[in-house]
Amino acid sequence: MTDEHKKLNKKTTIKMARAKKATLKPEIYSHDTLFKILIATLVYFIFAYCYNFYSDNQKSPTSNTPQSDSILSIISKTITLPAGTPEYYTIDNQEELSIKNNFYSHAISGDILVYFAESGKGIIYSKEEGRVKYMADLKLNQAFK
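Everything quoted here is computed from the prediction, not taken from an experiment.

Trainee: Account for the overall build of the protein, with residues named and values stated.
Mentor: A tally of helices and strands in the protein yields 5 helices and 4 strands. Looking at the protein as a whole, 22% of its 145 residues are labelled buried. Taking contacts inside the protein between residues at least 6 apart in sequence as the whole, the part at least 24 apart equals 47%.

Following this line, the structure appears as structure tokens:
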């Protein structure tokens, strides 16, 4: 073998080795790409969990049922009702609500909040006692938080 053949063989060997290295580690399987996919998946599941937790804890007004109509008729015997259509909410977490707004300090968990949006009035009705416990002006954002 001449020197030229040795140089040629050496160059082709180096080229072949470089080509093998390139095919052994494709870009899609790099550690950076896998890490990014893992982080994106983790963020997605955390977001989905928080969204479900938040939407489950939102209170929506109860619909007009015979029970809500009877509550309204009991309240109307005691006081003159404010103008508008009432929305009914069950007070589940009185301790947390009373920290945010003093209005809820007159209630206990299980009481009904009857809210009249047009007039901005809130009435706390006790199902256990069968009476109106408290009535005051209440802003919309305070009624839901």
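Trainee: Please provide a residue-by-residue account of the packing of aromatic side chains, values included.
Mentor: Evaluation of the coordinates by the stated rule reveals 3 aromatic pairs. An angle of 70° between the planes, with centres 5.4 Å apart, marks the rings of Y44 and F45 as edge-to-face. Residues Y44 and F45 agree in their burial class; the two are exposed. An aromatic cluster is built from F103, Y104 and Y134, whose rings are joined through pairwise contacts.

Trainee: So what's going on with the pattern of salt bridges? Residues and values would help.
Mentor: Note on pairing: side chains with opposite charge can pair once their charged atoms come close. Counted according to the given criterion, the structure contains 3 salt bridges. In this structure, K121 and D137 form a salt bridge, with 2.7 Å as the shortest nitrogen-oxygen distance. Taken together, the positions of K121 in strand β3 (residues 121-126) and D137 in strand β4 (residues 131-137) put the pair 16 residues apart, joining distant regions of the chain. Judged by relative accessible area, K121 falls into the partly exposed class, the value being 26%. On the accessibility criterion, D137 (56% relative accessible area) is exposed. Across the salt bridge formed by R131 and E129, the nearest N and O atoms sit 2.6 Å from each other. R131 sits in the partly exposed class, given a relative accessible area of 40%.

Calculation rules
Each chain carries its own residue numbering, running from 1 in the direction its sequence is written. It should be noted that, the model being predicted, local features are given only for residues of pLDDT at least 70 and side-chain atom pairs only at 80 or more, the latter also being counted only at that level, while totals for whole chains, interfaces and linings use all residues. Side-chain measures were taken over the full set of non-hydrogen atoms in the model, leaving aside hydrogen atoms and water. Helical segments are the DSSP runs of H or I of at least four residues, strand segments are the runs of E of at least two, and each set is numbered from the N terminus. Remark: exposure states derive from per-residue accessible area (1.4 Å probe, protein chains only) relative to the maximum for the residue type, with buried under 20%, exposed over 50%, and partly exposed in between. Only heavy atoms enter the contact rule, under which two residues are in contact if any of them lie within 4.5 Å. Only centres within 6.5 Å qualify two rings of Phe, Tyr or Trp (six-membered ring in Trp) as a pair; their planes then separate them into stacked at under 30 degrees, edge-to-face at over 60, and tilted for everything else. In what follows, salt bridge is the name for a side-chain nitrogen of Lys or Arg lying within 4 Å of a carboxyl oxygen of Asp or Glu.

Read these as geometric descriptors, not functional statements.
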